[in-house]
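The residues making up each chain are set out below.
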Amino acid sequence: MAKAPKPEPTPDETTTTPPAQDTLVGQDTPPAGDAVLALPEPVLGPVVIEVPVLQVVGPAKGRWRIKQKFTPEVTVLVLADLTDAQVRDLKADPELVVIDTTMSTVALTT
């Protein structure tokens, strides 16, 4: 008995060509196999970052704490440069006004 001929596929049943394999990072379709990803160019130049700081104001006569004299002028201390004990001592001193804040600074990237 002879086999019936295979029917031709309809347009809905046809296969499509797969997308190119050089997909960039950030696109939805990942590359297949050993394809190499194209990485975005690094950002070069100045970048603004926020740095946690303490602003400290002392009395008119001045006040020594953590081996530093604090006067009525604002002294800015980078929080990362202080130990936990130093921060605690500054905040516990009733003659000092200590404000937790951030300052913007520019970091250069290469």
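Scroll up a little and you will see the structure.
So, a few notes on the structure that sits alongside this text. Note that this is a predicted model, so its numbers are computed, not measured.

**Let's talk about unusual backbone geometry**
A positive phi angle, close to 45°, is found at isoleucine 66, a residue other than glycine. Position of isoleucine 66 among the secondary structure elements: in the loop between β2 (63-65) and β3 (68-70). Positive phi, close to 65°, is recorded for lysine 67, a residue that is not glycine. Mapped onto the secondary structure, lysine 67 falls in the loop between β2 and β3. With relative accessibility at 86%, the residue lysine 67 sits in the exposed group.

**Concerning the sheet that holds strand β1 (residues 45-57)**
Spatially, three strands are ordered β4-β1-β5 in an open sheet, and the strand pairing comes out antiparallel. Bordering the open sheet on either side are β4 (75-78) and β5 (97-109), each of which pairs with just one other strand. Direction aside, neighbouring strands of the sheet carry axes that sit 40° apart on average. With 13 bridges connecting them, β1 and β5 associate as antiparallel partners. Along β5, the bridge assignment pairs valine 51 with methionine 103. Seen against the sheet, helix α1 (residues 84-92) touches β1, β4 and β5 and runs at an angle of roughly 50° to β1.

**Focus: the pattern of salt bridges**
In total, this model carries five salt bridges according to the counting rule given. With a shortest N-O distance of 3.4 Å, arginine 63 and glutamate 95 are connected by a salt bridge. Of this pair, arginine 63 sits in strand β2 while glutamate 95 sits in the loop between α1 and β5, and the two are 32 residues apart along the sequence. Judged by relative accessible area, which is 32%, glutamate 95 ranks as partly exposed. Between lysine 91 and aspartate 100 there is a salt bridge, and its shortest N-O distance comes to 2.7 Å. The partly exposed category is assigned to lysine 91, whose relative accessible area is 45%. One salt-bridge network, in which partners are shared between bridges, spans Lys61, Arg63, Arg65, Asp93 and Glu95.

The rules behind these values
Residue numbers restart at each chain and count upward from 1, following the sequence in its written direction. pLDDT decides what is reported in this predicted model: residues at 70 or higher carry local features, side-chain atom pairs at 80 or more are listed and counted, and totals for whole chains, interfaces and linings draw on all residues regardless. Just so you know, side-chain values use all the structure's heavy atoms and leave hydrogens and water out. Only DSSP runs of H or I with at least four residues qualify as helices, and only runs of E with at least two residues qualify as strands; both kinds are numbered from the N terminus onward. Here's how the labels work: a residue is buried when its accessible area is under 20% of the maximum for its type, exposed when over 50%, partly exposed in between, all with a 1.4 Å probe on protein chains only. Strand pairing follows a simple DSSP-based rule, namely that at least 2 bridges must link the two strands. Axes here refer to lines fitted to C-alpha atoms; in helices the fit is confined to the stretch in contact. Angles between the N-to-C directions go from 0 to 180 degrees. Between two residues, a contact is recorded if the distance between any of their heavy atoms is within 4.5 Å. When a carboxyl oxygen of Asp or Glu lies within 4 Å of a side-chain nitrogen of Lys or Arg, that pair is called a salt bridge.

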